[in-house]
Amino acid sequence: MLLSQSPLRNIFMLFVAMLVTTVIFTASAADARSKPVAYTAELQQPVEASRHIIKGTVMHCAGTECKGAKSGSSVKTVCARLSRKVGPLASFTYKGEAVDTEALAQCNGDKKGSKQRIANRK
């Protein structure tokens, strides 16, 4: 029997493939968890632990807090989409800076602020 046809060789190659796969997936999962938090939201009502994908970023929510890494979308877009998924927000911060009360009202679906700005332009 040739070495290339040995059952031990096949078992060894399977073991090596499984080991490499495990190492790669573990490293990529650790990298995903280590991304810095860019968005932090305080919710008005608590929610069960959940994950939401908002414009390319994963937001982890539990209790009255949601956190997520930076996405390619604007802060207002992420804020509004999160509000639609989890309910009204009490506060929303991006990299430690809170959005103002008018922007937060817009996130929560208050259209009065945007209509007021349009009226002020005329």
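Up top is the structure these notes are about.
Worth saying up front: this structure is predicted, and the values here are computed from it rather than measured.

A few points about the sheet that holds strand 2 (residues 57-68)
Strand order in the open sheet made by the 4 strands is 2-1-3-4, with antiparallel pairing throughout. Lying at the two open borders of the sheet, with one neighbouring strand each, are strand 2 and strand 4 (97-98). The pairing of strand 3 (residues 89-94) with strand 4 spans 2 bridges and is antiparallel. Residue pairing in the sheet places Tyr 94 in a bridge with Glu 97 of strand 4.

Section: a positive patch on the surface
On the surface, a cluster of positive charge is made up of Lys 55, Arg 81, Arg 84 and Lys 85. With respect to the helices and strands, Lys 85 occurs in helix 2 (residues 75-86).

Examining the pairing of strand 3
Where strand 1 (residues 39-54) lies against strand 3, 5 bridges are found, and the strand directions are antiparallel. Residue pairing across strands places Leu 43 opposite Leu 89, the latter belonging to strand 3. Counting the residues that bridge the hairpin from strand 3 to strand 4 gives 2 residues, and of these Lys 95 lies at a positive phi of roughly 50°.

A few points about the state of the cysteines
All chains considered together, the criterion is met by 2 disulfides. The disulfide partner of Cys 61 is Cys 66, and the gap between their sulfur atoms is 2.0 Å. The sign of the S-S torsion, about 115°, decides the handedness of the disulfide formed by Cys 61 and Cys 66: right-handed. Since its relative accessible area comes to 3%, Cys 61 is described here as buried. A disulfide bridge connects Cys 79 with Cys 107, and the sulfur atoms are separated by 1.9 Å. Its torsion about the S-S bond being 130°, the disulfide of Cys 79 and Cys 107 is classed as right-handed. Here Cys 107 lies in helix 3 (residues 101-107) and Cys 79 lies in helix 2, a separation of 28 residues in the sequence. An identical accessibility class is assigned to Cys 79 and Cys 107; each is buried. Taken in N- to C-terminal order, the disulfide-linked cysteines of the protein are connected 1-2, 3-4.

What counts, and at which threshold
- Residues numbered from 1 in each chain as written.
- Predicted model: local features only at pLDDT ≥ 70, side-chain atom pairs only at ≥ 80, totals over all residues.
- Heavy atoms only, no water.
- Pairing = 2+ DSSP bridges.
- Helix = DSSP H or I, 4+ residues; strand = E, 2+ residues; numbered from the N terminus.
- Patch = residues over 30% accessible without salt bridge, like charges linked within 9 Å, V, L, I, M, F, W, Y side chains within 5 Å.
- Areas by Shrake-Rupley, 256 points an atom, 1.4 Å probe, with all protein chains shown as cover.
- Salt bridge = Lys/Arg side-chain N within 4 Å of Asp/Glu carboxyl O.
- Lys, Arg positive; Asp, Glu negative; His and termini not counted.
- Charge placed at Lys NZ, Arg CZ, Asp CG, Glu CD.
- Disulfide = S-S within 2.5 Å.
- Buried < 20%, exposed > 50% of the residue type's maximum accessible area, 1.4 Å probe, protein only.

These values are about where atoms sit, not about what they do.
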